[in-house]
Amino acid sequence: MWNPNYEPVIGLEVHAQLLTHSKAFCSCSTDFGAEPNSNVCPVCLGMPGVLPVLNKNHVEFIIRMGLATNCSIAPRSIFARKNYFYPDLPKGYQISQYEEPICSNGSIEIEFEDATTKTIGITRIHMEVDAGKSIHDQDADTLVDVNRCGVPLIEIVSEPDMRSPREASLYMAKIRQLVTYLGICDGNMEEGNLRCDANVSVRKKGETRLGTKTEVKNMNSFRFVEKALEYEINRQIDLLEHGERVVQETLLWDPDRSIVIPMRSKEEAHDYRYFPDPDLVPVLVHEEWIKDVMSSLPEDPTVRRNRFVAEYKVPKYDAEILTAEKPLADYFEGVTGQLKIRNEESFKLASNWTMGDVLRVVNAGKTAISDFPVSPVHLAEMIDLIIDGTISGKIAKEVFEEMLNTREAPRAVVERKGLVQVSDTGALEKIIDEVLAANGAQVESYLSGKTQVFGFLVGAAMKATKGKGNPKLVNELLRKKLEQREG
Ligand SMILES: [Zn+2]
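Trainee: What am I meant to see in the overall build of the chain here?
Mentor: Across its full length, the chain holds 16 helices and 16 strands. The C-alpha radius of gyration computed for the chain amounts to 30 Å, which surpasses the reference 23 Å derived for 487 residues by more than 25%, pointing to a less compact arrangement than a globule. With the C-alpha coordinates aligned to their principal axes, the bounding extent of the chain is approximately 95 × 55 × 50 Å. Buried positions account for 48% of the 487 residues belonging to the chain. A separation of at least 24 residues holds for 69% of the contacts in the chain among residues at least 6 apart in sequence. Accessible area for the chain stands at about 23,700 Å²; split by element, carbon and sulfur atoms hold 51% of it. Once the 58 positive and 73 negative side-chain charges of the chain are each reduced to a mean point, those two points are 3 Å apart.

Trainee: Would you explain the packing of helix 8 (residues 326-338) against helix 9 (residues 344-363) in this entry?
Mentor: The axes of two packed helices give the description: the angle between them and the distance between them. Between helix 8 and helix 9, whose axes approach to 10 Å, the crossing angle comes to 140°. Here helix 8 lies oblique to helix 9, going by the angle between them. For helix 8 against helix 9, the interelement crossing comes out right-handed. Of the residues in helix 9, those touching helix 8 at L328, Y331, F332, V335 and T336 are F347, A350, S351, T354, V358 and L359. Of the residues contributing to the contact of helix 8 with helix 9, the split by class is 8 nonpolar, 3 polar and no charged.

Trainee: What should I look at first to understand the sheet that holds strand 13 (residues 249-254) in this one?
Mentor: The pairing of strands in a sheet comes from backbone hydrogen bonds and takes either a parallel or an antiparallel form. One open sheet holds the 9 strands; their spatial order is 2-6-7-10-1-11-12-13-14, and the pairing between them is mixed. Single-partner strands in this sheet number two, and they are strand 2 (72-73) and strand 14 (259-265). Alignment of strand 1 (residues 6-17) against strand 10 (residues 152-158), held across 5 bridges, turns out to be antiparallel. Each bridged residue has a counterpart across the sheet, and for A16 the counterpart in strand 10 is I154. Along the sheet face, helix 4 (residues 222-241) touches strand 1, strand 11 (194-204), strand 12 (214-217), strand 13 and strand 14 and points at about 30° away from the line of strand 11.

Trainee: Teacher, can you tell me more about the coordination of the zinc ion here?
Mentor: Where a metal carries four tetrahedral donors, each ideal angle is 109.5 degrees; where it carries six octahedral donors, the ideal angles are 90 or 180 degrees. For the zinc ion, the protein coordination sphere consists of C26 (SG), C28 (SG), C41 (SG) and C44 (SG), at 2.3 to 2.4 Å. The coordination sphere of the zinc ion comprises 4 donor atoms, whose angles at the metal cover 101 to 113°; the geometry is tetrahedral. Donor residues for the zinc ion, ordered by position in the chain, follow C-x1-C-x12-C-x2-C. The residues C26 and C28 share a single accessibility class, namely buried.

Definitions and cut-offs
Residues numbered from 1 in each chain as written. Predicted model: local features only at pLDDT ≥ 70, side-chain atom pairs only at ≥ 80, totals over all residues. Heavy atoms only, no water. Helix = DSSP H or I, 4+ residues; strand = E, 2+ residues; numbered from the N terminus. Rg over C-alpha atoms; globule rule 2.2 N^0.38 Å. Buried < 20%, exposed > 50% of the residue type's maximum accessible area, 1.4 Å probe, protein only. Contact = heavy atoms within 4.5 Å. Areas by Shrake-Rupley, 256 points an atom, 1.4 Å probe, with all protein chains shown as cover. Lys, Arg positive; Asp, Glu negative; His and termini not counted. Charge placed at Lys NZ, Arg CZ, Asp CG, Glu CD. Axes fitted to C-alpha atoms, helices over the stretch in contact; angles between N-to-C directions. Parallel < 35°, antiparallel > 145°, perpendicular 65-115°, else oblique. Left-handed = near helix turned anticlockwise from the far one by under 90°. Nonpolar A, V, L, I, M, F, W, Y, C, P; charged D, E, K, R; others polar. Pairing = 2+ DSSP bridges. Donors = N, O, S within 2.8 Å, 3.2 Å for Na, K, Ca; no water. Tetrahedral: all angles 85-135°; square planar, octahedral: opposite > 155°, others 65-115°.

Below, the structure written as structure tokens:
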């Protein structure tokens, strides 16, 4: 925490690398892991005389994000050149948007643990392209890989609406959820496909003027966003408390030492000498196109979460986990859509299996949810078997494991392995009689009032049925038999 007499003011700039197949202004592949400097051409290298041609998907993807964040979509926007020198930027400028960005005046809602919400304004979202990569750790010299030059990005600029590191990380998490739901970015922060820079300042509580801000970079996880901002807020307050002033600069978060280190003095927009790119025509977006994109948008994750609670009567906690990522939510609804027995109990089982056993296997990195060995159809069939009493919940675990290995249908597994639950009262009574006879001492102690022995006897009876006894029936019959002895 920080000195409560101060209030932090935080705005975030988030860069998302788009999942287009080709680059923003040429047909080079955006494929990762290609040989260094193999995905390049004269256009993305910025050779003289070449002309860039805009990738339509770049525009389509940013419109998706703009609509999902309640932005207005400009019918006409233009590209600008942002001039600066970097060894990994052969053109000497980055193609970006400055005046007239395509998306502006949006907002998203973040939600706190206590379910209260806050609206964070989005100033603008614009298109730009990535630079290459300088590699310092492979050789005595610096190596340059320009494969990433020209890979399409969008930059999402928030209003300075956040008042704590927690708000900033919730906002970042929401952005990540949105870009992955929309299928426009893989959301991988560790690999830098989703990057976040923060503008931070502090001011005395009650003050309306903004303090001098710094920019913090290199926070490649939600945890680092919170840690870095907390550190920077305290650093600034400390300076002011000692009568010193905050210097406007760009800082780098160092996760190993948990401190920020100065990177360079912060540049102003005029340092970049922005000017409209003379090689690129304005981007015109017609109303029809916006309507088309709007109709193809997936359901908003928060709306979907609330619908899961209303429609399937699952707890909010479940719905939150189920809708955190779109593929999992789709899987869950693949299951519920196939259930023959449709009630609160079967929906809850679908939720438990999806966020329990399915997610456990996915999180262990063994398989992707999109190619999960137990298909939603098979899981639904298995849940129907549990509810109609064919198999017990315990046996279902065994069936699930088998389905994981063989991709078989649950009914086939149950038949092949003879796992059908024993609900034949006569057969179960016979087994229970044997169990009671073999555990005379435990029966005695139960009858003398040590009722906790009941659990042991149930366990012994279930074991004697090789786990196939209907647990509810075994419980009932056992209790009846013991009551008879009491009488
Ligand atoms: Zn190229």
